[in-house]
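Coordinates in review
Listed here are the chains, written in short residue letters.
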Amino acid sequence: MGSIKSAEVSREVFPYLRVYEDGTVERLAGTEVAAAGLDPATNVLSKDVLILPETGVSARVYRPGNITNKLPLVVYFHGGAFVIASSADPKYHTSLNNLVAEADIILVSVNYRLAPEHPLPAAFEDSLGALKWVASHAKGEGDGNGPLPVLNQEAWLREFVDFDKVFLAGDSAGSSIAHYLGLRIKDEVRDLKVLGIVMIMPYFWGKKPIGVEVTDQFRKQMVDNWWLFVCPSDKGCDDPLINPLVEGAPSAASLACEKLLVIVAEKDVLKDRGRLYYENLVKGSNWAGKADFVQVQGEDHVFHILDPNSHNAKTLIKRWASFINSDSVN
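Before going into details, it helps to say that this report is about the structure given with it.

Parameters and conventions
Residues numbered from 1 in each chain as written. Predicted model: local features only at pLDDT ≥ 70, side-chain atom pairs only at ≥ 80, totals over all residues. Heavy atoms only, no water. Helix = DSSP H or I, 4+ residues; strand = E, 2+ residues; numbered from the N terminus. Salt bridge = Lys/Arg side-chain N within 4 Å of Asp/Glu carboxyl O. Buried < 20%, exposed > 50% of the residue type's maximum accessible area, 1.4 Å probe, protein only.

**Re the environment of Asp187**
Tracing the backbone through its elements, the reader meets Asp187 in helix α4 (residues 173-188). Note: C-alpha distance between Asp187 and Ser328 (141 residues apart in sequence) is 26 Å.

**Some words on the pattern of salt bridges**
Counted according to the given criterion, the structure contains 16 salt bridges. Its salt-bridge partner being Arg184, residue Glu125 comes within 3.6 Å of it at the nearest N-O pair. Placement of Glu125 in helix α2 (residues 122-138) and of Arg184 in helix α4 is noted, with a sequence separation of 59 residues between them. Overall, Glu125 belongs to the partly exposed group, its relative accessible area being 35%. Among the salt bridges present, the one from Arg273 reaches Glu213, with a minimum N-O distance of 2.8 Å. With Arg273 in helix α6 (residues 271-283) and Glu213 in the loop between β10 (196-200) and α5 (217-230), this pair connects stretches of sequence that are 60 residues apart. Comparing Arg273 with Glu213, the two get one shared label, buried. Three or more residues joined by partner-sharing salt bridges are found here, namely Glu125, Lys132, Arg184 and Glu188.

Right, dumping it as structure tokens:
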């Protein structure tokens, strides 16, 4: 039987964690770890690499067991409301093994730092640093002539990636990160061209309720609480980091990709934000790319992670793989 904490709870962020008066953080979910290595079910290989030694940010890198030519690359950002989960989470590990096998790709799953120990924008800046690390392979650095040491290069990226086919992807909070990076690439990651972005059940939000949020007050307050906990900002739920459509947010017209896919779930309280993001992108901005929108019926938030081998999860993975390997968004 585990020890009982004597300190009082000072903050509860349902259903993810508790913070005690002594500063201790107790995570109630997303703490499980799966080892990297060979996945017998998919013949996918994975390994963990330290990519930003100064902050301890790492990534889990995936590759198919058999590679005969250069492959597309997906840089992936996990969800968890910025407070739970990791690149080693067993459910994410299973889901990404399935994607790598289905799409025949190389994948980098970024293990950014979590709040509250590292309040936002730490996760965004960690992910930007990770993307710069990926870009360094495209530039051929790490051979002793560039600023990146040889030891910080990853052979799987150097040997197997087609850097003309790079994608960003994320679910929930990871979609917010993918959007943020899509706006920063042109100015800060100039040597990397991103072909497409996939946003799965994106975690966008806002102070004023829309759609189902108007009547579902319990979940509206719950998501409000998540964001206000992780982001110490006077802008609250209208911070541009979480509300990309608020006045003063960077224009979606500068999103640096040629195509984009938004996937939402019918029962998800976040679905209306995902739809609004898509509609603004294709109708309300001067973005020059092509986008598609998919709503999965009968499912709730990140169902494909919670049950990676379900029928609808497998269908989602096939749609995602098609987006990566097709010349169009369909």
